[in-house]
Amino acid sequence: EDKVVQSPLSLVVHEGDTVTLNCSYEVTNFRSLLWYKQEKKAPTFLFMLTSSGIEKKSGRLSSILDKKELFSILNITATQTGDSAVYLCAVSGTYKYIFGTGTRLKVLA
Amino acid sequence: NAGVMQNPRHLVRRRGQEARLRCSPMKGHSHVYWYRQLPEEGLKFMVYLQKENIIDESGMPKERFSAEFPKEGPSILRIQQVVRGDSAAYFCASSDRPGEKLFFGSGTQLSVL
């Protein structure tokens, strides 16, 4: 059965800290891995990864995929209180996108 | 270019009534996915539709739930004879191809009294 596992489940850090969020997966016919940020409502898209070893970067956020070991990490450097959210990892297989349960990040001022 | 539009944002139903949730995908997208989210939980896949076809409904309960995506008009998720356990946020998402970026609507919060 396809599955996506995220760790840690929750994380509390102080502003300025760097965090690493993990996502491991098992899926049939892998197409892509996507990261989303969810605050109070709809998930918003962060990154889509399809190839191993190529880092995607946007400001203080970056992500990389390892298709051999079946995992991805999302890094956030110099965290800010506005980074507080649930970060969701999703993997696309044959048809559907399977989501992990998310990592709840809280950044304290 | 409007994003994924869902309505209503909030829906209150009494036990036994029907709930009808609507989703208009992003312009140019023909792939629609419905997800359900309970508080403090992740997104649970329900159904994947492509125009006029249900491709995968493996996450949708076989009774009381149905979905459609007609040639014209929005995708509809229909829940008949709602029960309290159906209370949740229901999100619709669309993409232009499987495996590509998935864009989400703002969700419908269903409350069953």
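Criteria and thresholds
Residues numbered from 1 in each chain as written. Chains lettered and ligands numbered in written order. Predicted model: local features only at pLDDT ≥ 70, side-chain atom pairs only at ≥ 80, totals over all residues. Heavy atoms only, no water. Pairing = 2+ DSSP bridges. Helix = DSSP H or I, 4+ residues; strand = E, 2+ residues; numbered from the N terminus. Axes fitted to C-alpha atoms, helices over the stretch in contact; angles between N-to-C directions. Core = buried A, V, L, I, M, F, W, Y, C linked by side-chain atoms within 4.5 Å. Buried < 20%, exposed > 50% of the residue type's maximum accessible area, 1.4 Å probe, protein only. Salt bridge = Lys/Arg side-chain N within 4 Å of Asp/Glu carboxyl O. Phe/Tyr/Trp six-rings, centres within 6.5 Å; stacked < 30°, edge-to-face > 60°. Contact = heavy atoms within 4.5 Å. Buried area = accessible area lost by both parts, 1.4 Å probe.

## As for the sheet that holds strand β3 (residues 19–24) of chain B
Residues and elements named next belong to chain B.
- Taking strand neighbours across the sheet as the criterion, the four strands line up as β1-β3-β8-β7 in an open arrangement whose pairing is antiparallel. Of all the strands in the sheet, just β1 (5–7) and β7 (65–68) have a single pairing partner and so form its edges. The mean inter-strand angle of the sheet, taken between neighbouring strand axes irrespective of direction, is 15°.
- In this structure, β3 lies alongside strand β8 (residues 75–79), joined through five bridges in antiparallel fashion. In the strand pairing of β8, Ala19 is matched with Ile79.

## With respect to the sheet that holds strand β1 (residues 3–7) of chain A
All names here are of chain A.
- If you walk across this open sheet you meet the five strands as β1-β3-β8-β7-β6, and the pairing is antiparallel. Looking at the sheet topology across the chains shown, the edges are occupied by β1 and β6 (56–58). Averaged over all adjacent pairs, the angle separating strand axes in this sheet is 15°, with direction ignored.
- Where β6 meets strand β7 (residues 61–66), three bridges bridge the pair, whose relative direction is antiparallel. Across the sheet, residue Lys57 finds its bridge partner in β7, namely Ser62.

## Observations concerning the nonpolar core
- Formed by 23 residues in total, the largest nonpolar core has its most connected members in Trp34, Met46, Leu77 and Tyr90 of chain B.
- For this core, the elements supplying multiple residues, two or more each, are β3, β4 (31–37), β5 (43–50), β7, β8, β9 (88–95) and β11 (108–112) of chain B.
- Counting residues in each nonpolar core, the second largest holds 22 residues, with Val4, Tyr25, Leu65 and Leu105 of chain A among its members.

## Thoughts on the pattern of salt bridges
All names here are of chain B.
- On inspection of all chains with the given rule, the structure shows seven salt bridges over all chains.
- One salt bridge in this structure joins Glu18 and Arg20, with 3.0 Å as the shortest N-O distance.
- Classification of Arg20 as partly exposed rests on a relative accessible area of 34%.
- Arg97 serves as the salt-bridge partner of Glu100, at 3.4 Å between the closest nitrogen and oxygen.
- Beyond isolated ion pairs, a larger network of salt bridges with shared partners links Glu18, Arg20 and Arg78.

## Considering the packing of aromatic side chains
- Enumeration according to the criterion identifies 12 aromatic pairs over all chains in this entry.
- Centroid distance Tyr36 of chain A to Phe99 of chain A: 5.9 Å. Interplanar angle 45°. Geometry classified as tilted. Of this pair, Tyr36 of chain A sits in strand β4 (residues 32–38) while Phe99 of chain A is found in strand β10 (residues 97–99), placing the two residues 63 residues apart along the sequence. By the burial criterion, Tyr36 of chain A is buried, and Phe99 of chain A matches it.
- With centroids separated by 6.0 Å and ring planes inclined at 75°, the aromatic side chains of Tyr35 of chain B and Phe45 of chain B adopt a geometry described as edge-to-face. With Tyr35 of chain B in strand β4 and Phe45 of chain B in strand β5, this residue pair connects regions lying 10 residues apart in the sequence.
- Aromatic rings pair up to connect Tyr36, Phe45 and Phe99 of chain A together with Tyr35, Phe45, Phe91 and Phe104 of chain B into one cluster.

## So, the interface of chain A and chain B
- At the junction of the two partners, chain A supplies 20 residues and chain B supplies 22 residues.
- Both faces considered, chain A and chain B share a buried interface measuring about 1700 Å² in area, 61% of it formed by carbon and sulfur atoms.
- In terms of surface lost to chain B, no three residues of chain A exceed Tyr95, Lys96 and Tyr97 of chain A, which account for 34% of the buried area on that side.
- If you look at where chain A meets chain B, you find one salt bridge.

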